Amino acid sequence: MTIPMEYGLWLAAILFCIGLTGVLARRDVIFMLMSVEVMLNAAGLAFIVGGAARGSADGQVMFIFILSMAAAEVSVGLALIIQLYQKFKTVDADSASQLNG
Amino acid sequence: MNSLFYIAAIIAIIATIRMVTGTNAVHSLLYLIVSLLAVSVIFFLLGAPFIAALEVIIYAGAIMVLFVFVIMMLNTGSTGVKKEHELLKPSTWIGPGIISAILFGEMLYILMRPASHPMTSPVIQPAAVGALLFSKYILIVELAAFLLAAGVIGAYHLGRKEKLSYHRYLKKEEPTT
Amino acid sequence: MPELLWLIVALPFAGSLVLALAGKHIPRLATAMIGVGSVTISAIIMLFIGVDFLHANPAGTPVHQTLWQWINVSGFSPGIAFHLDSVSLTFVFVITFVGALIHLYSAPFMWKEEGFARFFSYMNLFIGFMLLLVLADNFLLLYLGWEGVGLCSYLLIGFWYKDPANGYAARKAFTVTRVGDTAMVIGLFILFTNYHTLNIQDILQAAPHTWGPGSGIAITTAFLLLGGAIGKSAQVPLQTWLPDAMAAPSPVSALIHAATMVTAGVYLIARTHVLFELAPIVQTTVAIIGAVTLIVAGMSALYQHDIKKVLAYSTISQIGYMFVALGVGAWSAALFHFMIHAFFKSLLFLGAGSVIAVLNNEHNMFKMGGLWKKMPAVFWTFLIGACALSALPLITAGFYSKDEIIWQAYASDKGSIVLWITGLAGAFITALYTFRMVFLTFFGNAKAEPAYRPGVAMTLPLVVLAFLSFAGGFIQLPDNMGHVTLFSQFIHHTLPVTVTATSGHAAEWIAQVIAAVVSIAGLALAYRIYYNKPFPAAEPVRSPIQRFFFQGWDFDQLYDKGIVQPIVFLSRIDKNDIIDRFYTGLASIAGLFNRGLAATQNGKLRWYAMALGIGAVITLTILLYT
């Protein structure tokens with residue numbers, strides 16, 4: 001494959017920024033969580049691209065770590081969403097602002 | 001081979017944008033799965049078949065199934081879609097869009113530097129990944145294990161339906177919620 | 001027996017402690033026994049130690065006793081240690097002996113008071129701190145006693161604390177003496193930084209070798225110590241607290257004026273005489289302050305109505321004499337007058353206290369009169385005390401002590417004719433106001449009936465003190481009259497001999513005759529004006545000049561106008577805390593930041609995520625452009 005490394009990294013950057021936009025713009029916590037997944041995936045993609053360019057396995061190892069972290073994060077995050085819904089009967093993140101100073 | 005990369009990339013971007021802008025949670029979730037599958041194709045092209053498989057099995061499979069379960073449990077349905085429309089005003093996109101655009105611009109600027117390596121694609125075998133994982137990164141593996149255990153316990157604890165406990169003298173009173 | 005030295009100090013403290021802790025639970029008789037007993041035993045031990053001291057070989061060897069180390073910080077290691085030489089022995093003798101007599105007198109005098117145990121607890125504490133002051137072997141311990149005496153004077157002047165005026169007088173005494181104390185403690189700092197020790201004897205031995213005569217640092221130090229001395233000894237310009245201190249019960253006044261407190265300044269100067277000799281200017285200042293004080297206070301005493309205030313001003317005046325003596329280097333004369341003054345002044349105070357007590361707390365002399373028949377014991381002892389105070393020639397101790405000062409004020413190498421004339425004028429005024437007091441109180445028409453007669457316990461101290469006021473003078477007679485020098489020889493073990501510039505018996509004879517004539521002239525004038533004359537009991541209308549003297553030369557008004565009112569004025573300006581604005585401003589800026597930061601904590605998850613995103617942008621930007 002003769003595509004330069006930059007293209008892969010650009011793709012990762014694009015996905016990351018779309019994910020970030022989603023996290024910042026959406027108020028539904030489920031969508032926020034999905035956008036976070038996109039960002040994590042984009043970061044993993046960047047690692048894989050780097051690893052492929054250097055021909056080393058380290059990038060893939062990092063992706064595995066990211067994957068396990070994402071799994072843990074999603075499980076806790078979803079549990080929190082359930083709690084939130086039970087308490088407030090809504091999934092609007094802005095309505096759960098009782099910690100305001 | 002090159003065109004496969006571009007096609008997958010474009011699919012990933014479009015699917016992700018649809019996911020972020022969608023109003024129906026289940027539709028968005030499906031778009032997200034499409035995006036993840038497209039990325040897994042890219043992984044395969046980049047000579048990481050093991051990771052591509054993991055992406056499909058764990059990300060697009062297990063994690064997304066978790067999402068499905070939760071969406072089912074919450075069961076917002078068509079009212080949820082309506083609500084999402086109310087919450088999603090065009091003006092809310094401005095600020096996040098600007099920040100993301102600046103961040104993207106900066107990342108592009110960094111990546112614009114010359115002397116680029118082509119992404120060669122010698123296939124890296126899973127055995128090599130495993131060998132590295134359990135030698136050089138063994139400590140991080142242990143930590144990841146801790147993290148997952150904590151995630152399991154935390155998810156179990158948080159996901160329980162909260163039992164309202166009252167003092168025995170106050171049992172007669174009904175919970176006000 | 002010198003090893004029992006510590007007991008002299010410890011006993012009054014122990015008595016005070018016992019009475020303070022258990023005073024409410026023990027009967028009055030036991031309280032009196034403890035209170036009087038502790039000081040009396042101290043006095044007896046003092047007598048034994050004094051005898052040992054006189055028979056030591058060679059005579060006058062100082063006794064030194066270290067109990068334990070007090071502090072030890074990087075070379076600074078003052079001990080709880082006592083140093084007994086002839087100067088401190090004189091003071092200890094007066095403090096314990098006169099103190100014991102005053103305590104004995106207080107027992108019946110204060111019997112009916114509510115705070116009987118409290119009174120004796122304070123009195124014992126007072127004696128204890130005073131003994132600590134005069135026996136201390138280092139300046140730190142001396143300062144402890146010095147401040148302790150100040151504390152006790154505060155407690156005792158405000159003893160009848162239910163009357164706010166007494167509390168005011170107590171606070172005044174405490175505050176005014178504090179001015180001097182501050183000067184003194186700065187002086188002690190200077191001494192420590194120069195000698196790296198506060199041991200008195202070490203400093204006195206080292207001082208002449210390190211500081212030249214008249215050097216700036218010696219003058220500064222001596223001035224600062226003098227500041228402390230005039231504060232405690234109520235000399236001009238810090239004398240204003242003493243007349244107000246009359247708010248205390250009469251035995252306390254006797255104790256403050258005779259045995260303790262006001263003599264601390266005299267002790268300090270005598271003790272640090274080396275420093276004062278190194279600073280001739282300051283020593284001259286001492287003499288001048290004494291001379292001014294004795295006239296100022298004497299004039300004020302002439303116009304008082306309150307019998308105790310007459311005595312208060314006379315105390316200030318007599319200490320002025322001691323300062324004159326110290327100033328001209330007549331060390332033994334100063335200490336001799338201190339001792340004799342302690343006898344007759346405590347006698348006069350106790351006598352006045354008896355008169356006041358039997359007349360139902362009547363202080364105004366113009367409302368007394370004709371008491372000599374009704375209270376003969378008090379009258380005769382009071383008369384002896386008055387004669388001693390007026391220095392009537394030949395028979396009274398006061399003559400021998402005061403005459404020596406007046407003579408030395410002229411004859412010493414530091415003396416001058418001005419000081420001599422001032423001393424004579426003071427003597428005249430002294431005789432005048434003393435016999436004004438005697439004639440108004442004991443002669444003339446009886447205006448009030450005594451409620452009772454003082455008992456034996458109250459009369460006995462008067463008799464003993466009267467004997468001492470009479471006979472005490474014969475241990476030191478001038479060269480031309482017997483030349484007895486028991487006291488000055490004793491003192492000269494420690495303090496230098498007075499250098500006399502003028503000598504010759506002829507001059508001394510003339511001076512003595514003049515002094516005697518002056519005293520008798522004062523008596524005669526008092527007789528002419530006040531003996532058996534009807535005076536209205538009411539307060540007379542005073543002319544401005546009379547009011548000026550009556551109010552103690554308006555020093556209070558001066559301080560009020562010059563110090564108190566400007567401070568009150570400034571504090572009124574600063575009522576809204578102009579300077580604090582700056583600090584409240586700082587606080588409100590912090591509060592502003594707090595509100596700003598609190599506003600960012602709005603609990604919205606997306607907001608926090610946005611902040612994270614902005615943070616990432618900023619971080620990247622910084623990384624890119626640096």
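Note that this is a predicted model, so its numbers are computed, not measured. (Residues numbered from 1 in each chain as written. Chains lettered and ligands numbered in written order. Predicted model: local features only at pLDDT ≥ 70, side-chain atom pairs only at ≥ 80, totals over all residues. Heavy atoms only, no water.)

Asks: Could you give an account of the pairing of strand S2 (residues 79-84) of chain C, with specific residues and numbers?
Replies: All names here are of chain C. Judged by how many residues are buried, S2 sits mostly within the fold: six of six residues are covered. Judged by which residues are buried, S2 turns out to be covered on both faces: Gly79, Ala81 and His83 on one side and Ile80, Phe82 and Leu84 on the other are all buried. Where strand S1 (residues 63-69) meets S2, six bridges bridge the pair, whose relative direction is antiparallel. Note on S2: the bridge partner recorded for Gln65 is Phe82. (Buried < 20%, exposed > 50% of the residue type's maximum accessible area, 1.4 Å probe, protein only. Helix = DSSP H or I, 4+ residues; strand = E, 2+ residues; numbered from the N terminus. Pairing = 2+ DSSP bridges.)

Asks: Got a sec to walk through the interface of chain A and chain B? Specific residues and values, please.
Replies: Many structure descriptions define interface size as the accessible area lost when the parts assemble. Across the boundary between the two partners, chain A contributes 71 residues, which contact 82 residues of chain B. In total, chain A and chain B occlude about 7000 Å² of area from one another, counting both sides; carbon and sulfur atoms represent 77% of this. Joining chain A to chain B, the criterion identifies one salt bridge. Here A:Asp58 makes a salt bridge to B:Lys136, at a shortest N to O gap of 3.1 Å. On inspection of chain A and its partner chain B, the count reaches eight residue pairs in polar contact (both at pLDDT 80 or more). Looking at the side of chain A that touches chain B element by element, the count peaks at 25 residues for helix H3 (residues 58-88) of chain A. Here the side of chain A that touches chain B is built from residues that sort into 48 nonpolar, 14 polar and nine charged. (Contact = heavy atoms within 4.5 Å. Buried area = accessible area lost by both parts, 1.4 Å probe. Salt bridge = Lys/Arg side-chain N within 4 Å of Asp/Glu carboxyl O. Polar contact = N/O pair within 3.5 Å; in protein donor to acceptor, adjacent residues only side chain to side chain. Nonpolar A, V, L, I, M, F, W, Y, C, P; charged D, E, K, R; others polar.)

Asks: Tell me about the environment of A:Phe47, residues and numbers included.
Replies: Residue and element names in this part refer to chain A. Locating Phe47 in the fold gives a position in helix H2 (residues 29-54). Separated by eleven residues in the primary sequence, Phe47 and Asp58 have C-alpha atoms spaced 8.4 Å apart. Ignoring anything within four residues of it in the chain, the contact list for Phe47 reads Gly59, Met62 and Ile66.

Asks: Explain the packing of aromatic side chains to me, and be specific about the residues and the numbers.
Replies: Aromatic ring pairs are defined here through the distance separating the ring centres and the angle between the ring planes. In the structure shown here, the tally under the stated rule is 33 aromatic pairs over all chains. When the centroid spacing of 6.1 Å and the interplanar angle of 70° are considered together, the rings of A:Phe65 and B:Tyr137 count as edge-to-face. In this pair, A:Phe65 sits in helix H3 while B:Tyr137 sits in the loop between helix H6 (126-133) and helix H7 (138-159), so the two residues belong to two different chains. There is no split in this pair, since A:Phe65 and B:Tyr137 are both buried. (Phe/Tyr/Trp six-rings, centres within 6.5 Å; stacked < 30°, edge-to-face > 60°.)

Keep in mind these values describe shape, not function.
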